[in-house]
Amino acid sequence: MPEAGEQVPLPPGLDLLWGRRERGKRGPRAGLSADAIVAAAVAIADAEGLEAVSMARVAKKLGFTTMSLYRHVSDKDELLQMMWDASAQGAEGLVLEGDGWRAKLRMWAIMQRDVLDRHPWITQMPMAAPPAGPNSAYFVERGLEALDGTGLRDADKLRMLGLLSSYTLSEARMAYDAARAAKQAEAAGQPDATAPPPSYEAMLRVLIDEETYPRLYRMAWSPESGEQDDERTEFFFGLDRILDGIQAFIDRTREGGSG
């Protein structure tokens, strides 16, 4: 653990986001700033995906040369960090509503999922470390606040937020990948591209035999196998089961268990 006052190397962009580095000075033409660059990059990613974002593409959208962007943003890695933090804009004013930690934390996770649905390119971001920009930090702070009074250690509270975030990100990524695959199939003129994909059970009926996979076979041919909830309902089911687990952990902690 770093000691007080010790300098820790920061990932690209964090020094700029936290005001530890001076923002680029205005060039000969007004209108170019780090905020404008990030906003343009987010707009491109929202419309066309993360792979469409490049310094050259952002410069063209803003009507500047690519080199002029480097007066404000060092490189694409720094730009990605700033885009990620921009997606959490407004988190400082976030108020989690509900009676008790569970309702508040459920709202916290749903709001995170809503952000991912609005900006699905986040699911394609390189994630060597959790986001640590000021907006993201506000959002984590609100999640920790929801767990006030639970008796959990701070480290365990952070683990719970990480668990919820990992689940939310995974579900959003699968939904985005499925939607993108359907869009690509439609663009390629493939028949039935817009039809919903076959259920897992439907595929199992074609692929497996009873002798080798008796349990999967039973599930695939069960009368309930045709019941398929929409993706959002499935997300809520998993979310509520994670919250059940957090409640059980809290209960063990209060009883003096080690968890």
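This report concerns the structure included in the present document. (Residues numbered from 1 in each chain as written. Predicted model: local features only at pLDDT ≥ 70, side-chain atom pairs only at ≥ 80, totals over all residues. Heavy atoms only, no water.)

Let's talk about the packing of helix 6 (residues 101–118) against helix 11 (residues 231–254)
Interhelical geometry of helix 6 versus helix 11 gives an angle of 145 degrees and a closest axis separation of 11 Å. In terms of crossing hand, the pair formed by helix 6 and helix 11 is right-handed. Residues Trp 101, Arg 102, Leu 105, Arg 106, Ala 109, Ile 110, Arg 113, Asp 114 and Asp 117 of helix 6 pack against Glu 231, Arg 232, Phe 235, Phe 236, Leu 239, Asp 240, Leu 243, Asp 244, Ile 246, Gln 247 and Ile 250 of helix 11. When grouped by side-chain class, the residues that make up the contact of helix 6 with helix 11 number ten nonpolar, one polar and nine charged. (Axes fitted to C-alpha atoms, helices over the stretch in contact; angles between N-to-C directions. Helix = DSSP H or I, 4+ residues; strand = E, 2+ residues; numbered from the N terminus. Left-handed = near helix turned anticlockwise from the far one by under 90°. Contact = heavy atoms within 4.5 Å. Nonpolar A, V, L, I, M, F, W, Y, C, P; charged D, E, K, R; others polar.)

Some thoughts on the nonpolar core
Residues Val 53, Val 58, Leu 69, Leu 79, Met 83 and Trp 121 are the most contacted members of the largest nonpolar core, which totals 33 residues. Elements with a minimum of two residues in this core: helix 1 (14–17), helix 2 (34–48), helix 3 (55–62), helix 5 (76–86), helix 6 and helix 8 (154–187). In terms of residues, this core owes the most to one element, helix 2, which gives eight residues. Excluding anything up to four places from it in sequence, Met 83 contacts Val 38, Ala 41, Val 42, Ala 45, Leu 50, Val 53 and Trp 121. Membership of the second largest hydrophobic core comes to 23 residues, among which are Ala 109, Tyr 167, Phe 235 and Leu 239. (Core = buried A, V, L, I, M, F, W, Y, C linked by side-chain atoms within 4.5 Å. Buried < 20%, exposed > 50% of the residue type's maximum accessible area, 1.4 Å probe, protein only.)

Observations concerning a nonpolar patch on the surface
A cluster of nonpolar side chains, Tyr 200, Met 203, Val 206, Leu 207 and Met 219, forms an exposed patch at the surface whose accessible area comes to about 540 Å². With four residues, the top contributor of residues to the nonpolar patch is helix 9 (residues 200–207). Along the polypeptide, Met 219 turns up in helix 10 (residues 214–220). With relative accessibility at 35%, the residue Met 219 sits in the partly exposed group. (Patch = residues over 30% accessible without salt bridge, like charges linked within 9 Å, V, L, I, M, F, W, Y side chains within 5 Å. Areas by Shrake-Rupley, 256 points an atom, 1.4 Å probe, with all protein chains shown as cover. Salt bridge = Lys/Arg side-chain N within 4 Å of Asp/Glu carboxyl O.)

A word on the packing of aromatic side chains
Scanning all chains against the criterion turns up four aromatic pairs. Aromatic side chains Tyr 167 and Phe 235 sit 5.5 Å apart centroid to centroid with 5 degrees between the ring planes, which places their arrangement in the stacked category. Of this pair, Tyr 167 sits in helix 8 while Phe 235 sits in helix 11, and the two are 68 residues apart along the sequence. The residues Tyr 167 and Phe 235 share a single accessibility class, namely buried. On the basis of an interplanar angle of 50 degrees and a centroid distance of 5.7 Å, the ring pair of Phe 235 and Phe 236 is categorised as tilted. You can call Phe 235 buried: its relative accessible area is 0%. Residue Phe 236 is classed as partly exposed on the basis of its relative accessible area, which comes to 24%. Joined through ring pairs, the aromatic side chains of Tyr 167, Phe 235 and Phe 236 make up one cluster. When the ring centre of Trp 221 is taken as reference, the NZ or CZ atom of Arg 205 above it lies at 5.2 Å. Between the NZ or CZ atom of Arg 241 and the centre of the ring of Phe 237, over which it lies, the distance is 5.0 Å. (Phe/Tyr/Trp six-rings, centres within 6.5 Å; stacked < 30°, edge-to-face > 60°. Lys NZ or Arg CZ within 6 Å of the ring centre and 35° of its normal.)

Here's the deal with the pattern of salt bridges
One pass over the structure, following the stated rule, counts 15 salt bridges. Across the pair Arg 153 and Asp 156 runs a salt bridge whose closest N-O atoms are separated by 3.2 Å. For Arg 153, a relative accessible area of 52% gives the class exposed. Using a relative accessible area of 10% as the deciding quantity, one classes Asp 156 as buried. Among the charged side chains, a network of salt bridges with common partners joins Arg 113, Asp 114, Asp 117, Glu 231 and Arg 232.

In short, shape yes, function no, at least from these values alone.
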